[in-house]
Amino acid sequence: MPPTISATDRPLEKLSADAVVVGIGKGPDGPLPTPGAEAVDRLLGGRLLPALADLAARGAEDEVTRVAALGQGPFPVVAAVGLGAPQTGGGYAPDAVRRAAGAASRALSGRGSVVTLLAAVGGTPDELRLHAVGEGSLLGAYEFTAYKSDTAGRPVPPREFTVVVPDAGAAKGPLERVRAVADAVALVRDLVNTPPNDLFPAELAARGAAAGKRAGLDVEVLDEAALAAGGYGGVLAVGGGSTRGPRVLRLTYRGKRARKKVALVGKGITFDSGGLSIKPAANMHHMTSDMAGAAAVIATVCLVAQLGLPVEVTATVPMAENLPSGSAYRPADVVTFRNGKKAEITNTDAEGRVILADALARAAEDSPDAILETSTLTGAQLVALGSRTAGVMGSDDLRDAVVAASARSGEAMWAMPMPAELRRGLDSPVADFVNANADRMGGMLVGAHFLAEFVPDGLPWAHIDIAGPSYNTGAPWGYTPKGGTGVPVRTLLATIEDLIADQ
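The rules behind the values
In every chain, residue numbers begin from 1 and rise along the written sequence. The model is predicted, so local features are restricted to residues of pLDDT at least 70 and side-chain atom pairs to those at 80 or more, both for listing and for counting; the totals for chains, interfaces and linings are taken over all residues. Water and hydrogen atoms were dropped before computing side-chain values, which therefore reflect all heavy atoms in the structure. The secondary structure listing takes helices from DSSP runs of H or I that are at least 4 residues long and strands from runs of E that are at least 2 residues long, numbered from the N terminus. When accessible area is computed with a 1.4 Å probe and restricted to protein chains, residues below 20% of their type maximum are described as buried, those above 50% as exposed, and intermediate ones as partly exposed. Throughout, a contact is declared for two residues whenever any of their heavy atoms are within 4.5 Å. Pairs were defined over the aromatic rings of Phe, Tyr and Trp, the Trp ring being its six-membered one, requiring ring centres within 6.5 Å. Orientation was assigned from the angle between planes: stacked under 30 degrees, edge-to-face over 60, tilted for the rest. Charge-over-ring contacts are defined here by two conditions on Lys NZ or Arg CZ: a distance within 6 Å of the ring centre and an angle within 35 degrees of the ring normal. By this definition, two strands are paired if DSSP reports at least two bridges between them. Every case where a carboxyl oxygen of Asp or Glu lies within 4 Å of a side-chain nitrogen of Lys or Arg is listed as a salt bridge. One less than the number of residues in a helix, times 1.5 Å, gives the span that helix is expected to have.

## Describing the overall build of the protein chain
Next, step 1: Along its length, the protein chain carries 15 helices and 21 strands.
Next, step 2: For the protein chain, the spread of C-alpha atoms along the principal axes amounts to about 80 × 50 × 40 Å.
Next, step 3: For the protein chain, buried positions account for 56% of its 503 residues.
Next, step 4: Across the protein chain, the fraction of contacts at a sequence separation of at least 24, relative to all contacts at a separation of at least 6, is 76%.

See below:
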């Protein structure tokens, strides 16, 4: 069961839990207390802040210092979590609070109930802080144990969070949203973390369809026969090398008094060996995450439905397994896509754009007001921006709107250009274009140029390359676990809400 979250405005001394969380900032001469830390310090008779100094707490991001209360208060343990340096003018950015809440959750495994005073750190409006504290607490408490054979007796993350706020009644609505967002992110993480032998295209489509039906969505699943009849040549080409056939999933939510029609597209390669252009063995196991974009758009359309937003959203999700075999597509093949365009295949490991081409063409047929597409498209994204920052390309205005939404959501993204000269690298002597440029320079941007061939002129669109940010191969940090991260669900939701507000 996922952890619960609630709010209280009761006095601190009348609360009880297995731990209390307070924030401390990083100052030039040592840790900076926040109102929550000062309140607990008073409750403990002035012992907390000196203890933190004695323990060399610095207030740095991701730093958690645990102090035993020794019977001096209603909480046996105080977790002082670092917020980093305060903003100019004081207070802390929402994502600093979100990360701190997540770090505290991870550090408090084995503690069943937690009271958190992080909503009192200041610097942003109360509701934004509440969202940050709630999301960080719940996302930091995520764990994936489906394949652990022995879980008895191990420390588990906290199961109950109580956020101290000035008005508990006013916090009820925001926390309901927090719960919905955290559940959507957890769905993505669960799907990404499920191994490819259990999450092949038909199974991913089935799980996505089940989630859609629970959310009250219209559901359509296209199998090989339907894909052939519909002209999905790219999906069939990539999926042809596997005995487990490809699928396309369509999920549609029609909100009451819909103000906009938004198309979502997400790459669903359930495992990517590279096909005949096979990848090196080292780190190939990370390609279990190559369906993170698909998982994100499935979760997002379900989340939009749960929140009841006044918008129409359709997710078009192509799914395939890219394997080498006698029936695999080849370099030098020419693939015909749903919109009639043709690509010469020069690299079977540039397969994501090949299945996305069909999905983008199909999504455009619905005449949406905007297309938001996300995919683990290129290793070049990691080279350009590292493992935590996604690249965003597409129509200038929508691209910039996505980046602005990501800043509020805490999912780092950066606007990237699509220089016209890079499109020439896709020229083909035998077809409309090639699927991969032999020149490695600007690979992320070239990938976006390929996708642009399947978006009609004048239709706003954005491509979010999440190759690094969707899957954490290193140690956990903040509210981000090892493995699937759930990026970019929160940004997609925020962008859709912005599009509605602009109406």
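## With respect to the packing of aromatic side chains
Next, step 1: Evaluation of the coordinates by the stated rule reveals six aromatic pairs.
Next, step 2: The interplanar angle of 45° and the centroid separation of 5.5 Å between the aromatic rings of F450 and F454 together place this pair among those described as tilted.
Next, step 3: Ring pairing ties together the aromatic residues F337, F433, F450 and F454, which thus form one cluster.
Next, step 4: The residue whose ring lies beneath R189 is Y142, and the NZ or CZ to ring-centre distance is 5.2 Å.
Next, step 5: It is R388 that lies over the ring of W477; its NZ or CZ is 3.7 Å from the centre.

## Remarks on the sheet that holds strand 14 (residues 342-344)
Next, step 1: With mixed pairing, the three strands of this open sheet are ordered in space as 13-14-18. Pairing within the sheet leaves two strands with one partner each, and these edge strands are strand 13 (334-336) and strand 18 (433-434).
Next, step 2: In terms of strand pairing, strand 14 meets strand 18 through two bridges, oriented parallel. Note on strand 18: the bridge partner recorded for A343 is F433.

## Focus on the pattern of salt bridges
Next, step 1: Taken as a whole, this structure holds 30 salt bridges when the rule is applied.
Next, step 2: Between R177 and E497 there is a salt bridge, with its nearest N and O atoms 2.6 Å apart. Within this pair, whereas R177 is found in helix 5 (residues 168-193), its partner E497 is found in helix 15 (residues 489-501), the two being separated by 320 residues in sequence.
Next, step 3: Assessed through its relative accessible area of 23%, R177 is described here as partly exposed.
Next, step 4: Linked through salt bridges whose partners overlap, the residues forming this network are E220, R250, R338, R362, E365 and D366.

## Considerations on the environment of V248
Next, step 1: Considering the arrangement of structural elements, one finds V248 in strand 9 (residues 247-254).
Next, step 2: Taking the C-alpha atoms as reference points, V248 and A320, separated by 72 residues in sequence, lie 8.7 Å from one another.
Next, step 3: Contacts of V248, omitting those with residues within four sequence positions, involve E220, V221, L222, L227, Y232, V235, T316, V317 and P318.

## As for the environment of T300
Next, step 1: Take T300: it is sitting in helix 9 (residues 292-307).
Next, step 2: Here T300 falls in the buried class, since its relative accessible area comes to 0%.
Next, step 3: In sequence terms T300 and V311 are eleven residues apart; their C-alpha atoms lie 13 Å from each other.
Next, step 4: Residues within four places of T300 in sequence aside, it is in contact with L264, V489, L492, L493 and I496.

## Here's the deal with the pairing of strand 10 (residues 261-266)
Residues in a regular strand point their side chains to alternate faces of the sheet.
Next, step 1: Of all six residues in strand 10, five are buried; the element is thus mostly enclosed.
Next, step 2: Where strand 10 lies against strand 12 (residues 312-322), five bridges are found, and the strand directions are parallel. By the bridge assignment for strand 12, V262 is matched with V313.
Next, step 3: By the bridge criterion, five bridges tie strand 10 to strand 15 (residues 370-375) in an arrangement that is parallel. Across the sheet, V262 pairs through a bridge with A370, a residue of strand 15.

## A word on unusual backbone geometry
Next, step 1: For the bond running from V487 to P488, omega is 5°, close enough to zero to count as cis.
Next, step 2: Following the sequence through the fold, P488 ends up in the loop between strand 21 (483-484) and helix 15.
Next, step 3: Here the phi dihedral of R257 falls at roughly 55°; this positive angle occurs in a residue that is not glycine.
Next, step 4: For R257, the location among the structural elements is in the loop between strand 9 and strand 10.
Next, step 5: Here the phi dihedral of N283 falls at roughly 70°; this positive angle occurs in a residue that is not glycine.
Next, step 6: Following the sequence through the fold, N283 ends up in the loop between strand 11 (268-272) and helix 9.

## Some points on the side chain of T270
Next, step 1: Checked against the element boundaries, T270 lands in strand 11.
Next, step 2: Not counting residues up to four positions away in its chain, the partners in contact with T270 are P196, L199, F200, P201, L204, M287, T288, M291, A320 and E321.

## Examining helix 15
Next, step 1: With 13 residues, helix 15 extends 18 Å between its outermost C-alpha atoms, agreeing within 8% with the 18 Å of an ideal straight helix rising 1.5 Å per residue.
Next, step 2: Most of helix 15 is tucked away: ten of the 13 residues are buried.
Next, step 3: When helix 15 is considered as a whole, its buried residues turn out to be V489, R490, T491, L492, L493, A494, T495, I496, L499 and I500.

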